[in-house]
Amino acid sequence: MDRKGLWLGIVREFREHLPPVREDGVVTLLEGNTPLVEAENLADVVGSIRLLFKFEGLNPTGSFKDRGMTLAVSKAKEEGAQAVICASTGNTSASAAAYASRAGIKAYVLVPEGSIALGKLLQAIMHGAVVLEVRGSFDDALNIVKEITSNYPVTMVNSLNPYRLEGQKTAAFEVCEHLGYAPTYHCLPVGNAGNITAYWMGYKEYREKGYVSSLPRMMGFQAEGAAPIVRGEAVEEPKTVASAIRIGNPASWKPALRVKEESGGRIEMVSDEEILHAYRLVASREGIFCEPASAASLAGLIKMKKEGLLKDGDTVVCTLTGHGLKDPDTAMSISVKPRKVDPSMKEIVEALGL
Ligand code: F0G
């Protein structure tokens, strides 16, 4: 069959830029090739810039994690692993569970108790992972995962697994290919700090290979109550409505600081209020429903605008890392419940204000 024109997933599409995987061993759900959506209705908040959203919520399990997971699980399978394990604030575990199920290997998942979004928990369960809720934080869970993988035959698929970041860097390739150039700024939410590190790897590689001639300034945004990198010290009990980035001691802390230095960017923090404002704004004005953590990128951009950092004509890409449907509870908690009406024309017309 002629598959010309059909997307084959990031391992096959970006083969020449990634560690080699045996053709018959590729574990893929055809992730990647996510849309870069131009903002049309936000000029009053961000000014005369070109703003685009890289909507990673449209990956197969609803987050950017799938880019790294296809490669990490393909390599784990190639190396004969029987099981993978991760600690997660929800998206990594959803993705690990999905790709492991496809690979026919076991997934073990440790999540902080009561602290991950409902949809993500259900994804891991539905894909057949062994899920444990740890009475502790994400950081506690990650420490245990590290210890387990050094003592038992299970492969870690947190972003400390180098294949994860290799896969994730492909999002930067796609941005360059869609735009035809590298943006002025790239804004991202920062949790464990792997993704900002991966994007920077991707941009640098594309510049070295001559596909683009410049590099963006990388702008990372942590939540105020979970901002160890900004504050310069680990946060014992991280707190934020953005559960995906509720992390007090990021694994890629040092690499993220290097990204900031090398790119001339910043790592800053945004409040929960700013995150929720951006979350609602992008949903209600641009038709894109992302999860709260994802909106930290737009919240950060709005802050940059207020600080006078942006120039007319700048191109800014905000990555929206995960889909809003994963976290119905947060959406519900800030939403006005629909009014109930009888099936009466009069009452409905009146209620609609027609
Ligand atoms: N946005 C979302 C939706 C995430 O799930 C994460 C991380 C981030 C942003 C931050 O990315 O960690 O590379 O800086 N989620 C991880 C998880 C920690 O377990 O799903 P990062």
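Predicted model only: the values in this text are computed from it and were never measured. (Residues numbered from 1 in each chain as written. Predicted model: local features only at pLDDT ≥ 70, side-chain atom pairs only at ≥ 80, totals over all residues. Heavy atoms only, no water.)

Trainee: Describe the pattern of salt bridges, with residues and values.
Mentor: Enumeration according to the criterion identifies 18 salt bridges in this entry. Its salt-bridge partner being glutamate 268, residue arginine 266 comes within 3.2 Å of it at the nearest N-O pair. Here the residues in one salt-bridge network are Lys54, Glu56, Arg67 and Glu174, joined through shared partners. (Salt bridge = Lys/Arg side-chain N within 4 Å of Asp/Glu carboxyl O.)

Trainee: Please provide a residue-by-residue account of the sheet that holds strand β1 (residues 36-38), values included.
Mentor: One open sheet accounts for six strands, arranged β1-β2-β10-β7-β8-β9; its pairing is mixed. Two strands lie at the open edges of the sheet, namely β1 and β9 (266-270), each paired on one side alone. In this sheet, neighbouring strand axes are inclined to one another by 25° on average, regardless of whether the strands run parallel or antiparallel. Relative to β9, strand β8 (residues 217-223) is paired through five bridges, and the arrangement is parallel. Opposite alanine 223, over in β9, you have valine 270 as the bridge partner. (Pairing = 2+ DSSP bridges. Helix = DSSP H or I, 4+ residues; strand = E, 2+ residues; numbered from the N terminus. Axes fitted to C-alpha atoms, helices over the stretch in contact; angles between N-to-C directions.)

Trainee: Which residues make up the site of the ligand, and what values go with them?
Mentor: Every one of the 19 residues lining the ligand counts as a neighbour, but Ser88, Asn192, Ala193, Asn195 and Thr321 are closest to it. Contact distances for the ligand include 2.8 Å between an oxygen atom and a backbone N or O atom of threonine 92. Between the ligand and glycine 194, the relevant distance is 3.1 Å, taken from an oxygen atom to a main-chain nitrogen or oxygen of the residue. For the ligand, whose free accessible area comes to 470 Å², the fraction covered by protein is 98%. Taken together, the residues that form the shell around the ligand break down as seven nonpolar, ten polar and two charged. (Near = heavy atom within 4 Å. Polar contact = N/O pair within 3.5 Å; in protein donor to acceptor, adjacent residues only side chain to side chain. Areas by Shrake-Rupley, 256 points an atom, 1.4 Å probe, with all protein chains shown as cover. Nonpolar A, V, L, I, M, F, W, Y, C, P; charged D, E, K, R; others polar.)

Trainee: Mind laying out the packing of aromatic side chains, listing which residues take part and the relevant values?
Mentor: The tally for this structure, following the rule as stated, stands at six aromatic pairs. Between phenylalanine 14 and phenylalanine 173 the ring centres are 5.4 Å apart and the planes differ by 55°, which places this aromatic pair in the tilted class. Here the residue phenylalanine 14 occupies a position in the loop between α1 (10-13) and β1, and phenylalanine 173 occupies one in helix α8 (residues 170-179), the gap between them amounting to 159 residues. Pair check on accessibility: phenylalanine 14 and phenylalanine 173 agree, each one buried. One aromatic cluster is present, formed by Trp7, Phe14, Phe173, Tyr206 and Tyr211 through successive ring pairs. (Phe/Tyr/Trp six-rings, centres within 6.5 Å; stacked < 30°, edge-to-face > 60°. Buried < 20%, exposed > 50% of the residue type's maximum accessible area, 1.4 Å probe, protein only.)

Trainee: Quick rundown of the layout of surface pockets? Include the residues and the values.
Mentor: The space that makes up the largest pocket amounts to roughly 170 Å³. Lining the largest pocket are 14 residues; nearest its centre among them are Pro112, Ser115, Gly136, Ser137 and Arg246. Taken together, the residues of the lining of the largest pocket sort by class into four nonpolar, five polar and five charged. (1 Å grid on protein atoms, 1.4 Å probe; cavity = no way out; pocket = protein on both sides within 12 Å on 5 of 7 lines; lining within 4 Å. Points joined across faces, edges and corners; volume = space filled by probe spheres on them.)

Trainee: Give a description of the sheet that holds strand β6 (residues 155-156) that names residues and reports values.
Mentor: The strands making up a sheet are joined through hydrogen bonds of the backbone, oriented either antiparallel or parallel. With respect to topology, four strands assemble into an open sheet ordered β5-β4-β3-β6, the strand pairing being parallel. What marks the edges here is a single partner per strand, and that holds for β5 (130-134) and β6. Two strands pair when backbone bridges link them, and strand β4 (residues 106-112) and β5 are joined in this way by five bridges, in the parallel orientation. When the sheet's bridge partners are listed, tyrosine 108 is paired in β5 with valine 130. Of the strands in this sheet, β3 (83-87) and β4 are in contact with helix α4 (residues 91-103), which crosses β4 at around 170°. (Contact = heavy atoms within 4.5 Å.)

Trainee: I'd love a proper account of the pairing of β4, names of residues and values included.
Mentor: The buried fraction of β4 is high, at five of seven residues. Alignment of β3 against β4, held across five bridges, turns out to be parallel. Residue pairing in the sheet places alanine 87 in a bridge with leucine 110 of β4. Of the crossover connections in this fold, the one passing from β3 over α4 to the parallel β4 is right-handed. Regarding topology, helix α5 (residues 118-126) serves as the crossover connection from β4 to the parallel β5, and that connection is right-handed. (Right-handed = clockwise from strand over helix to strand, strands pointing away.)

Trainee: Can you explain empty space enclosed by the protein? Please cite residues and give values.
Mentor: Taken as a whole and assessed by the stated rule, the structure comprises one cavity of 30 Å³ or more. Approximately 330 Å³ is the volume attributed to the largest cavity. Looking at the lining of the largest cavity element by element, the count peaks at three residues for helix α9 (residues 194-208). Tallied by class, residues from the lining of the largest cavity come to eleven nonpolar, 13 polar and three charged.

Trainee: Quick one: what's the story with the nonpolar core, residue by residue and with numbers?
Mentor: Leu51, Phe53, Cys187, Leu298, Leu301, Met304 and Val316 are the most contacted members of the largest nonpolar core, which has 36 residues in total. When contributions to this core are tallied by element, the ones reaching two or more residues are β2 (50-55), β7 (185-189), β8, α12 (272-286), α13 (296-306) and β10 (315-320). For methionine 304, the residues in contact, after removing those within four places along its chain, are Tyr185, Cys187, Met219, Phe221, Leu309 and Leu310. Within the second largest apolar cluster, 32 residues are counted, among which are Ala171, Ala182, Tyr199 and Trp200. (Core = buried A, V, L, I, M, F, W, Y, C linked by side-chain atoms within 4.5 Å.)

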